[in-house]
Structures are given as structure tokens and as C-alpha cells.
Amino acid sequence: MADEAPASRPDLVRALRAAGFTALVTVGLLLPLIAFRAVHDIRNELVLETRWPLFAVLVAVAFVGRLAWELLPHDRLKLTLATFFQSPLKLAIAAAVSWVAAFVAHLTSLTAFGPKVALARLFAIVLAFCFFGFAIGAVAVWVTNRYPMTTEPGRHRRHQIGVGLRAGAIGFLLAYPLMMLWLAGAQGAIKWVDNFGIQILIYVMLGWGLNIVVGLAGLLDLGYVAFYAVGAYSYALLAKTFGLSFWILLPLAGILAAFWGILLGFPVLRLRGDYLAIVTLAFGEIIRLVLINWVDLTNGYAGISGVPRPTLFGIPFTAAEDGFAARFGIEFAAIHRSIFLYYVILLLALLTALITIRLRRLPIGRAWEALREDEIACRALGINTTNTKLTAFAIGAMFGGFAGSFFAARQGFISPESFTFMESAVIVAIVVLGGMGSQIGVAVAAIIMIGGTELMRELDILKEIFGRDFDPTQYRMLLFGLAMVLIMIWKPRGLIAARQPSVFLKERKAVSGAHVREGHG
Amino acid sequence: MEVLIQQLINGITLGSIYGLIAIGYTMVFGILGMVNFAHGDVFMVSAFVALIAFLILTSWIGASLIVLALLIVLILAMLYTSLLNWAIERAAYRPLRGSFRLAPLISAIGMSIFLMNFVQVAQGPRNKSIPPLFADVIVLFTANDYDVTISYKQLVIWLVTAVLLVAFWYVVSRTALGRAQRACEQDQKMASLVGIDVDRTISITFVIAGALAAVAGTLYWVNYGVISFADGFTPGVKAFTAAVLGGIGSLPGAVIGGLLIGLIETLWSAYFSTDYKDVAAFSILIIVMIFLPQGLLGRPEVEKV
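Quick notes on the rules
- Residues numbered from 1 in each chain as written.
- Chains lettered and ligands numbered in written order.
- Predicted model: local features only at pLDDT ≥ 70, side-chain atom pairs only at ≥ 80, totals over all residues.
- Helix = DSSP H or I, 4+ residues; strand = E, 2+ residues; numbered from the N terminus.
- Rg over C-alpha atoms; globule rule 2.2 N^0.38 Å.
- Buried ≥ 20, exposed ≤ 12 C-beta atoms within 10 Å, placed from the backbone.
- Contact = placed C-beta atoms within 7 Å.
- Pairing = 2+ DSSP bridges.
- Nonpolar A, V, L, I, M, F, W, Y, C, P; charged D, E, K, R; others polar.
- Axes fitted to C-alpha atoms, helices over the stretch in contact; angles between N-to-C directions.
- Parallel < 35°, antiparallel > 145°, perpendicular 65-115°, else oblique.
- Expected span 1.5 Å × (residues − 1).

Scanning chain B for helices and strands turns up 11 helices and four strands. Taking 2.2 N^0.38 as the reference for a compact globule, 305 residues should give roughly 19 Å; the C-alpha atoms of chain B span a radius of gyration of 20 Å, in line with that estimate. Across its three principal axes, chain B shows a C-alpha extent of roughly 65 × 50 × 40 Å. Buried residues in chain B amount to 52% of all 305 residues. Residue pairs in contact within chain B that sit at least 24 positions apart in sequence constitute 75% of those at least 6 positions apart.

Below is the structure:
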């Protein structure tokens, strides 16, 4: 167009004005908390330190960021991105390019020295992630185009692929610790099996348990960590007092947690929405405060240590004569217990998923989902909402109890510190970010959020770039909170928002979550 | 009897702080129907800003003009927190308006986690303590060798709270802004049809809520002299309890609820056990929600199909 050039001048002015405004707000917001820092000096008096360079950098970043955002041709960019992400060929090329770039970065990291090594290694890791993303995207887009859902053979083939993928995922999960053992050795694998594998699986299980309450029954529970705590303390106290084994106490802890779930469920039957959220939050806090203050029973802040570890049919994982290693004639290694615990939590998590999938098809599961969509219609249909809510609370709490007793057995030490509101918030975030009700979504969200924050621990590379004092782990929860806000703005219904009916005639049609209006359940 | 009166004085002091925070919850809930979970952390941030402003001022003008310094600190904290709350609404809540009902709550929880950790990273995890301000007390009367006292600090807190509540009440009930706010509370679509800028009204609501939280934060910091990054959560939940107790959406209810929670907490600590004072506050929340879900002054919720 001919008049494009003169029209762009006011655009620039507008963009500059917007960027200036953003910079001004940033100055206002960061001036007291970033530019100044209150620290106690040697005489324990508060004095101020200043950090003007950091402050200036952050304000400049805000200015440039807003300016770039305003000047980007959003419509054209969106179109380009959309065509890019719909073409398997382009995605495959992008994957190949990032693979080559990652390889080059890796080679550079071997030859360069000083901080350049760290930077090159960081690039190599990021590019490797890009490669996997693009490659998976290319295959997925190709499959979607090749087998459309509109034709019968396409649907059939998609179904086959879906079954294959699930089998593959379970196979991968089963092989994961052994793979890590093979790749990283007995010492190096502990981190990958314990910090990543077990930690993520605990949150996947908690997410799936809470998914029953929040995702299926639509009851927002902000005190889920209370049941996790009940499970953990039941196991720790009963095992230490009566010397019972993990396998006897695991179901018992689940039953106790379910009992507490019903106990919470009764008073809150009439509440809905945000009110329910706040009362469950208060309930969770009461449990935690009682755990802190009832020192005779729980040992207060100090917690309970020396919680017995689970055994494999009575064989402990110790270096002793009757230990696992000696019994099987292999060399003792700490990794054996981690691998065993990994399989235990994998089994528990898969059990949770399986039971939930089966329950959804039963009348009770369908009643939960009906309750989530519209409580009044539910009552009009003659569904007993009291029983429906109580079973949701009880079954959700039971899985929380299982996870709690596993947690106590894995850690060997528990204290009220592990059961703060923050844990509940993290679990709720996983369920909502994953897409309420979607099992795959919850698992993906747990992997991204927990795996991501655990990965922050591993980024020693950043230390080499930003200096010795830089501690990436500090930023874990900061980024977690930021990610919660951003994902909500980007996808308010969670990562996987499609609704699939659990009972259907002839063909299963997925409905986008945006078309489902939830009542005030 | 003497102990009771002393505890009443302490309880009203604590209760006015809770009341100021509770107004923020109740206003935002009234207009948007969401629990602004980050409000407790906004309160905590304001206390930090007050601390830093105080340190800057005392390093300039010395410790002589402490009353003037505190007044400036209060105004600075109010300005800062207004800006912060405005920015939070703009960035984290406005894009989610009209979205599905859990989205703003999750966003608010994320914001709360973000603010808490931002302060931890920016200012360090240690408690920040200052030497006590206005430590002098007035002895009201003495009975059975027990001095019933009221400190200057407490008087300042009462006075500031009372002045601000009157000003706030005037704004909401007597000005065009207050009318617009009440109109948006009742029906946003209808309000926009009669020419009220709903977005602007909501922004101003957040600004006022932030300013009141800053007053609470500054007073809390003056009263206790210690602040840490984790101090937003518990007062926040208690203030929410106060808002619910008074009837959420009702402004006088929030103040009355705040005073009641403050009194219950101090009396419980004095006569039973300090350890379980938070348990008492949370139990009250649960009991009120079960038996009196609309609160003391709230309107019962009518369910429409």
C-alpha cells in the first residue's frame, strides 16, 4: 500500500509512548524493592544497600520489551506461525536445523574456554529441547493430516496410534530407572531416579487424586495437603509405635485419610465455589497447626525422624547380611532402594489413574461430572448430591493418603514444614493448568511444573554466567508463580481443555472446554 | 477485669489492621466476584516499602522528626501499593475477566506466590527488625497492681484507621466514584450501558484496596517492628475470614468482622493458649461458613437458574 510509510510514524510514536509508560510503571514498582535492599549490619541494625545497575537493567528490559511488543506485526506473525506449525515439512526442517545448531554448540563448548563454555553448553541444551519439540510436533502434525478424524479408517488408525502411544509411555516409565542406571551409573542415576522420577510421580499421583475432587466433581479443594499429611503421619506414627510394615499401613493410611475427607466433606456440603475453597484452605491450615502444636504426639516442628523404610517382601534395602544386595549376590548401592521406591510410586500412580478411569464410567463418576457442570440440574435429576460430594472427597483424600504414606516412607523424616499451604497451591495449580478433568493434562502439567523447578537446581551453568553468588534454586518458586499466571492468561482452561464424554454412542466426539459452561459447583 | 480491658485494647488494635485488609477483599469480591488471593501479599509488600522508605528518610533527616517521617512513609507506601495493585489487576486479572470461574483464582494464587518469592529474592529471607517506635505507654488506671495501659502506637493505629475509614466511607457513599462502584457491583453490563467506564471503576477499586492494604501494612510494621516475606499469608487469610464473617461484599461488615477476629484472637491468646490462636480463627471461619454463610451483614445469595 502506498500510504504505509507515513502511517508508520504515529505507530512508532504510539509504541514509544507505551514503552515509556511501561518503563515508568516499572520504575515505580521496582524502585523501593530492587534499587534498595535492607540488610542487617554487624551491629544487627538495618542499613540500606543500593543496587542501581540491576535496577537500570530491569527498567531497560521492560522498556525494550514493550517497545518490541508494540512494534511487532502481530497479525502477520500469527499467520506465519500458524502456517509454520501446520506444516510437517517446515517443522522437520526446523528440527534438523536445531539439531545441527545444538551439535555445533556442543562442539564449541568442547573447544572454547572460560564462561564461553557455560554459554555454549546452555545453548546446546536449549537447542536440544527445541529439536525434540519440533520433531514431536512434525510427527504429530503429519499424523493429524494423514489420518483425519472425519473418516472411519482415519479414526481407526488414530485410535491404534493412541493405544500404541500409551503402551509406549508405560514402557518408557518402566524402563526409565534402568535406562538411567545404564546411562549415568549407580551414583549419577540416583539424582535422575529420585529427584526427577519419584518427585514428579508423587505430584502426578497427588494431581490425579485431587483431579477427582476438583477436575471431576468440580469442588475446589485448597486444603488437599491435609490428607497428604494425614497419610504421612499415620504411616510414620503407626510404623514407629506398632512396628507394622509399609504394606499393611499403606491401605490403612488411605482409609484414615478417606475418613478425614468425609469429616471435611460433611460441613462443607452446602458451600460452593470460592467459599468452599477458603473453608478447605482453613481446614488444611488447622491440620498443619495441630501437627505443629500437639508436640506430645507429633514432636512439633522437629518432626518425626527414623520412619521405617519399606521392604521388598521383608527384604530391607541395607548393606546388612539379610539386605537386598547380599541376598541377591550383587554389590550394595543406594540406587537399589531408589529404583524400588520408583516402581512403588509408579504402581501407585498407575493404580490411581486406572481406578479413576474405571470410576468415570460408573454411575458415581458420571454423577461427579454432572455435579461439576450443574448442581441444580443434578438435584432435579434425582442425583443424591450429598453422597456424590462425600465420595469425591473420600476417594480423592484416599489417594492423597496413599501418596502421603509413600512420602513418609521415602523421606524417612517428616515435619509440618512439608505440608504448608504452598503444597496445596502447587497441586491445585497442576490440576488446573493441566486442564481440569484431563488425566494426561495433569501428568503433563506435573512434569512441566515439577520437572521444570527441579531442573532449576541443575542449572549450575547459570552460575558460571551470572557469577558465583547467583543461586538458581532461589528463583524456583518465583518462576512457578509467574508460570501459573502466564499459563492462565494464555490458556485459562488449562493445557488440555478438550472434554471427552466417558460414555458415548457409536463415536466419541471431543468437545472444546470453551463450550462447557460450569455451574457454581 | 483489668486483664479483659487490656486485652480489649490490644484486640481492637489488631482488629483495625485486619479490618483495613478485609475491606480490600470485600470490595474486590463485591465487584468482581473473585477472592483476590494476592491481597495478603500486597499487604506484606507494603510493609517492606514502608520499612525501606523509613530507612531512607531517617538517613536523610535523622531520627528527630519521627512523626513527620512516618506520615511521609505512610503516604509513600499507599502510593506504591496503589500502583502495585493497579498493575496486578491490569496484568493478571483483567485478561481473565469473563473467563471460566477458577481462572482468576488460580492467577491470584500464582500472583501471591510470585510476590512472596519476589520479596524473598529481592530483600533476602531474614526477618527485618527495627528498634520499637513510640514505645511509651499511657497508664489508664491501675487495679490490683495491674497497669491497664494504652501505648502511643496503639493510639496512632486507632486514629489513622478511624480517619481513613471515615474518608473511605465518604468516597463510597457520597461521591460519583462510589456510586459507579456500587453500580458495577450490582450489574456490570447495565452500569456500562448507562455510561460508567467499568474497566476504570474496577481499576480504581483495586487502587483503593491497595491503598488501604498499605495503611494496614504500615501500621502492622509500626506495631510489631518486624517483617518477613512470609508475613502476608496468615494475616491475609484472617482478614478474609473477617470479610466473610462480616458478610462478604459489605463494607461495614468487613470492619466489624476485622474487629471481631482481632478481639477473638487476643482474648483466646490471653485466656486459653497462644499456640492455638490461629486454629481458633480458622475454626471460626469454618463455623461461620456452615451456619451463617451470608455473614453478619451480608445479603443471602439467591440462586438463579
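Now that the structure has been shown, we can carry on.
So, on to the pairing of strand β2 (residues 137–143) of chain B. Residues and elements named next belong to chain B. Within β2, only zero of the seven residues are buried, which leaves the element largely exposed. Where β2 and strand β3 (residues 146–151) come together, six bridges link them in antiparallel fashion. Bridged to A143 within β3 is Y146. A loop of two residues connects β2 with β3, the two strands running antiparallel in sequence, and N144 in this loop sits at a positive phi of about 50°.

A word on the interface of chain B and chain A. Contact residues are listed per partner, giving 55 residues for chain B and 50 residues for chain A. If you list the elements that add at least two residues to the side of chain B that touches chain A, you get α2 (39–61), α3 (66–93), α4 (102–123), α9 (233–246) and α11 (277–291) of chain B. At 16 residues, α4(B) tops the list of elements feeding residues into the side of chain B that touches chain A. Residues of the side of chain B that touches chain A, tallied by class, amount to 42 nonpolar, eight polar and five charged.

Turning next to the packing of helix α5 (residues 152–174) of chain B against helix α6 (residues 176–186) of chain B. Residue and element names in this part refer to chain B. At a closest axis distance of 5 Å, the pairing of α5 and α6 adopts a crossing angle of 70°. By the angle between their directions, the pair α5 and α6 is classed as roughly perpendicular. Taken together, the residues of α6 that come into contact with α5 (itself represented by V171, V172, S173 and R174) are L177, G178 and Q181. Partitioned by chemical class, the residues of the contact of α5 with α6 number three nonpolar, three polar and one charged.

Note that V100(A) resides in helix α4 (residues 88–111). Between the C-alpha atom of V100(A) and that of L455(A), which follows or precedes it by 355 residues, the distance is 24 Å.

Residue and element names in this part refer to chain A. For helix α7 (residues 225–242), which comprises 18 residues, the first-to-last C-alpha distance of 25 Å matches the rise-based estimate of 26 Å (1.5 Å per residue) to within 8%. Counting buried positions along α7 gives 13 out of 18 residues, so the element sits mostly inside the fold. Following α7 by one or two positions, G243 adopts a phi angle in the positive range, close to 65°.

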